[in-house]
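Summary of the model geometry
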Number of protein chains: 4
Amino acid sequence: MAQIDLNSDLGEGFGPWSMGDDGAMLGLVTSANIACGGHAGDPETMFATLRLAAARGVTVGAHPGYADPMGFGRRVIPMTPGQIGRMVAAQVGTLMGVAALAGVAVRYVKPHGALANLAADRRDVADAIAAAVGALPAGLAVLAISGTEMEAASRAAGLPTFAEVFADRAYLPDGRLVPRDRPGAVIHDAGAAADRLLAFLESGQMPVQGGGSLPLQAASVCIHGDNPAAVAMAGEIRARLLAGGVTLAPFLAP
Amino acid sequence: MAQIDLNSDLGEGFGPWSMGDDGAMLGLVTSANIACGGHAGDPETMFATLRLAAARGVTVGAHPGYADPMGFGRRVIPMTPGQIGRMVAAQVGTLMGVAALAGVAVRYVKPHGALANLAADRRDVADAIAAAVGALPAGLAVLAISGTEMEAASRAAGLPTFAEVFADRAYLPDGRLVPRDRPGAVIHDAGAAADRLLAFLESGQMPVQGGGSLPLQAASVCIHGDNPAAVAMAGEIRARLLAGGVTLAPFLAP
Amino acid sequence: MAQIDLNSDLGEGFGPWSMGDDGAMLGLVTSANIACGGHAGDPETMFATLRLAAARGVTVGAHPGYADPMGFGRRVIPMTPGQIGRMVAAQVGTLMGVAALAGVAVRYVKPHGALANLAADRRDVADAIAAAVGALPAGLAVLAISGTEMEAASRAAGLPTFAEVFADRAYLPDGRLVPRDRPGAVIHDAGAAADRLLAFLESGQMPVQGGGSLPLQAASVCIHGDNPAAVAMAGEIRARLLAGGVTLAPFLAP
Amino acid sequence: MAQIDLNSDLGEGFGPWSMGDDGAMLGLVTSANIACGGHAGDPETMFATLRLAAARGVTVGAHPGYADPMGFGRRVIPMTPGQIGRMVAAQVGTLMGVAALAGVAVRYVKPHGALANLAADRRDVADAIAAAVGALPAGLAVLAISGTEMEAASRAAGLPTFAEVFADRAYLPDGRLVPRDRPGAVIHDAGAAADRLLAFLESGQMPVQGGGSLPLQAASVCIHGDNPAAVAMAGEIRARLLAGGVTLAPFLAP
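Residues numbered from 1 in each chain as written. Chains lettered and ligands numbered in written order. Predicted model: local features only at pLDDT ≥ 70, side-chain atom pairs only at ≥ 80, totals over all residues. Heavy atoms only, no water.

The next subject is the interface of chain B and chain C. Contacts between the two partners involve five residues from chain B and, on the opposite side, five residues from chain C. Broken down residue by residue, the surface that chain B buries against chain C is led by B:Arg75, B:Ile77 and B:Pro78, which jointly contribute 82%. Viewed at the interface, chain C and chain B are joined by zero salt bridges. At the boundary of chain B with chain C, the tally comes to zero residue pairs in polar contact (both at pLDDT 80 or more). Here the residues of the side of chain B that touches chain C sort into four nonpolar, no polar and one charged. (Contact = heavy atoms within 4.5 Å. Buried area = accessible area lost by both parts, 1.4 Å probe. Salt bridge = Lys/Arg side-chain N within 4 Å of Asp/Glu carboxyl O. Polar contact = N/O pair within 3.5 Å; in protein donor to acceptor, adjacent residues only side chain to side chain. Nonpolar A, V, L, I, M, F, W, Y, C, P; charged D, E, K, R; others polar.)

In this section: the relation of the copies chain B and chain C. The operation relating chain B to chain C is a screw motion whose rotation component is 180°, with 0.0 Å of axial translation and a residual RMSD of 0.0 Å. In short, the pair behaves as if placed about a two-fold rotation axis. Identified as the residue of chain B closest to the rotation axis by C-alpha distance is B:Ile77, at 3.0 Å. Same-surface contact between copies: 100% of interface residues of chain B are shared with the interface of chain C. (Least-squares fit on C-alpha atoms with pLDDT ≥ 70 in both.)

What follows is about the side chain of A:His112. All names here are of chain A. Turning to its location among the elements, His112 is positioned in the loop between strand E4 (106–109) and helix H4 (113–121). Among the residues examined, His112 registers a relative accessible area of 3% and is labelled buried. Here the side chain of His112 touches His63 through a polar contact of 2.9 Å, side chain to side chain. Non-local contacts of His112, meaning those with residues more than four positions away in its chain, are made with Asp9, Glu12, His39, His63, Pro64, Gly65, Phe72 and Gly73. (Helix = DSSP H or I, 4+ residues; strand = E, 2+ residues; numbered from the N terminus. Buried < 20%, exposed > 50% of the residue type's maximum accessible area, 1.4 Å probe, protein only.)

With that settled, consider unusual backbone geometry. Residue and element names in this part refer to chain B. Phi is positive for Ala138, close to 80°, though the residue is something other than glycine. Structurally, Ala138 is set in the loop between helix H5 (123–135) and strand E5 (141–145). Exposure remark for Ala138: the relative accessible area of 59% places this residue in the exposed category.

Before going further, it helps to examine the pattern of salt bridges. All names here are of chain A. Counted according to the given criterion, the structure contains 44 salt bridges over all chains. Here Arg75 makes a salt bridge to Asp68, at a shortest N to O gap of 2.9 Å. Look at Arg75 and you get buried, because its relative accessible area is 18%. Accessibility expressed as a relative area gives 8% for Asp68, which makes it buried. What emerges from the salt-bridge pattern is a single network uniting Asp9, Lys110 and Glu164.

Relating the two copies of this chain is a rotation about some axis coupled with a shift parallel to it. Each copy of the sequence occupies a distinct position, and chain A is placed on chain B by a rotation of 180° and an axial shift of 0.0 Å, giving an RMSD of 0.0 Å. A symmetric contact is evident, with 100% of the interface residues of chain A recurring at the interface of chain B.

Residue and element names in this part refer to chain B. Of all five residues in E5, five are buried; the element is thus mostly enclosed. Bridge count between strand E4 (residues 108–109) and E5: two bridges; the pairing is parallel. Counted as the bridge partner of Tyr108 is Ala141 from E5. (Pairing = 2+ DSSP bridges.)

Our next topic: helix H4 (residues 113–121) of chain C. Along H4(C), the residues classified as buried are C:Ala114, C:Leu115, C:Ala116, C:Leu118, C:Ala119 and C:Ala120. Of the surrounding secondary structure, the elements contacted by the buried residues of H4(C) are helix H3 (81–102), helix H5 (123–135), strand E5 (141–145) and helix H6 (149–156) of chain C.

To continue, consider the interface of chain A and chain B. Accessible area lost upon the coming together of the parts serves often as the stated size of an interface. Each partner contributes residues to the interface: chain A has 20 residues there, and chain B has 20 residues. When chain A packs against chain B, the two sides together hide about 1,500 Å² of surface, and 73% of this comes from carbon and sulfur. If you sort the residues of chain A by the area they bury against chain B, A:Glu44, A:Arg86 and A:Leu101 come out on top, with a joint share of 36%. Summed over the shared surface of chain A and chain B, the result is two salt bridges. Taken together, the links from chain A to chain B amount to three residue pairs in polar contact (both at pLDDT 80 or more). Mapped by element, the contributors of at least two residues to the side of chain A that touches chain B are helix H2 (43–55), helix H3 (81–102) and helix H5 (123–135) of chain A. Looking at the side of chain A that touches chain B, the element that brings in the most residues is H3(A), giving twelve residues. Its residues assigned to classes, the side of chain A that touches chain B comprises 13 nonpolar, five polar and two charged.

With that settled, consider the environment of B:Val29. Residue position: B:Val29 is located in the loop between helix H1 (22–26) and strand E2 (31–35). When residues no more than four places from it in sequence are discounted, the contact partners of B:Val29 are B:Leu6, B:Asn7, B:Ser8, B:Val58 and B:Ile223.

The subject of this paragraph is the packing of aromatic side chains. All chains considered together, the criterion is met by 18 aromatic pairs over all chains. Seen from their ring centres, B:Phe14 and D:Trp17 are 4.8 Å apart, and the 15° between their planes marks the pair as stacked. Residue B:Phe14 is found in the loop between strand E1 (3–10) and H1, and its partner D:Trp17 is found in the loop between strand E1 (3–10) and helix H1 (22–26); the two belong to separate chains. With a relative accessible area of 2%, D:Trp17 lands in the buried category. A:Arg86 extends its terminal NZ or CZ atom over the ring of B:Phe47, reaching a point 5.0 Å from the ring centre. (Phe/Tyr/Trp six-rings, centres within 6.5 Å; stacked < 30°, edge-to-face > 60°. Lys NZ or Arg CZ within 6 Å of the ring centre and 35° of its normal.)

Shown next as structure tokens:
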């Protein structure tokens, strides 16, 4: 019987501004990717989110992104792989510092947004991120988009590596996500998303745009919660998976 | 025969902007307080400074300050002790993340500027900083201004604690520094500063403004290098201390 | 028959983060204080808010605050009056630049948060702000808290000056607002707030904490809309004022 | 007899950090491009630079760039032309606000760094910048790199338009600058740069990489001063131009 982790991007407020309903999402997911002050997040938000995640028994990962809050980490900022590695080390270190004070363990790293997309395609960027994660203490794992260079680089670096698929994103035949600005990129119907996930969990085959499917491995499913509709959809997907007999559990203990 | 550490604030550039001559200062000091991205510093600057310090055999500490680059950490930003503790944990974590990638150990924490001044006087702030340092891994020490609440709080928290005096700052009879905006606050003559330090190292008595002296303990002397005159003065002080038979060595090995 | 302006702080999003429901508030107020990139706001948010205000026929003012988004402009950042004047000139200029592109006129300046509170009490700060506003082109007016040094400084500088009272804040006998951290500082009941305003508009006497009242002049009432409850309260106050025969109109045409 | 303007990028400090020797450069140039808080600059730096330029009789222009101080405006940040126009309006407005307080007129706009390079090639970006400049009050001119889309867009928008060439940069046969990362991109010899400029001022033909030359028009020559060697070179170029009988004067009066 299938078991899977549900992860979501949380702690994405910024000072007085909030983003999404972290409290609701922490009741749905088994792993929380927490922003590290790059694309979002600040010490207060990190601390509160870490504490809330720990109180709910949710495993915590670091979610580094381009240091570009105005673009929410969704714009590629021109940087060398070396600069990216140092930025990732700095951001994950930031979250680990706050987590130490909060008494919470950070277990994995998942790149965010445009950085994750670049690391999916560019091995040099993925290698730099993997090197940064590997240099940090505490045996951090990597949560990578399934089938990407990031996944390959992390495995090549000998890091504990887990792959994720997206509940609400369509795939191209080459395994990449359909870019957000193309039609059909985002699946808005919770039932359709759940059907797709259940079929994938049974078969290991992910449907791709244009028909057909692609073999993918996944230890986790990424669900979004940055608006009320997303939270509702996440809740429906979770309920459908549970109803379908899927066990929801983190890929690493908290 | 006396032994003392010389420490200086380094890595205080910010992106394309540099501050002081870190290369020169790393040839003079035995410990380097490296900015953590709060009042100054960024991942590139941290990494380069960490590597340079390690290459010179200089011990490295974290130098957190108010997250106020425009004020260079010299303005008190209203924050609760709890917020200050979380900010310090975040910043020290940032430097530790970059240091892990650089293969360099961070050995101690020294608060910067207005944060250090506040922690010198306010025990609740000092306690919050000590709690943050104590929560971080790796047995970090605290480098505190001698005779302050920060020193007391750090000792009370059971942290390895070292005290510093200033080579170029005058003291008030109560042991606090003469504020920078008052006459005589800064000693501009290297010879006078060296005479004062040598006498202090021999007697344990620090001269205070208005005459008389104060018993202080110190494992380190803070010297500044943020402009060419300061670098020259630091060089003279170092030479005078060596000529006076003082051994210069870090209070903790690199 | 009484006429009054209703003003509110709008455009207080920041990049991907939103704050309050500007669309709803623009249907309630007659003047909009728009954040200028200091405590909140960015070119995109400014432009969109300016356009929306113009489309609704709402008069636009600049709402400068401390350049401290993490503190939302509610912390006093230590600055000289001269520095404050230059900061205000920069921020109002920023909004005027975006407004020129949007084809919208900026008609007045209202300081925000901790800056407004400081300028209420400190004449040197108020004078610096008035000097900055007076130096800018286009005959900008000042919207000041009634009875404050800011109002006096603006009048002394010969600027068009309008005073505001708060719908939801209690007053001290000396005319200052009860600080937010004291009991009774904020009036949460819309009916009570409306009763108080109607009585004030009729009598010119504002009730103060501890009993009694204070003569105040006001051309505008500040209402808040940074959360759903605040928007609802603003709507009720507006409805009650209209039902009470008060004409709602901006103190300056758009 | 030839007349030309010398312009340089000034006011590129950031809070406590300085960049270049603005005092020295203001003795050499006839026009100063002042950073607007995007890639560099803050209200204090703007105000001081504006005042200093005015005291030296140097004409002042706004120098907007990507809001990316870490990259010093030399990285392309993905933005739509509309977003770029709003950013430029905001930044030029910022400088105009500070300039109003300083009693100094801003006469022109010159885009900075990666923004200038993009606007040189992309007409939609250049059009957005020209629209922003045209919407601002005071009849601002544009200073554009000679032969670029920015120059064409500015002329098409009916703005007063002036073209510049670079003293220390090599040109490609198509009129674009040789990118900084290619060999020969930067001319390091002041004598060679001066020879080249004098020949160009006489013939209107700019030598291009690989041999041959290109007809260019120019009202101004850009010289750099961000390090001591650049200041020395700028001084030599100025002296050579004067010795060659060239009159140095701004393209617009201060």
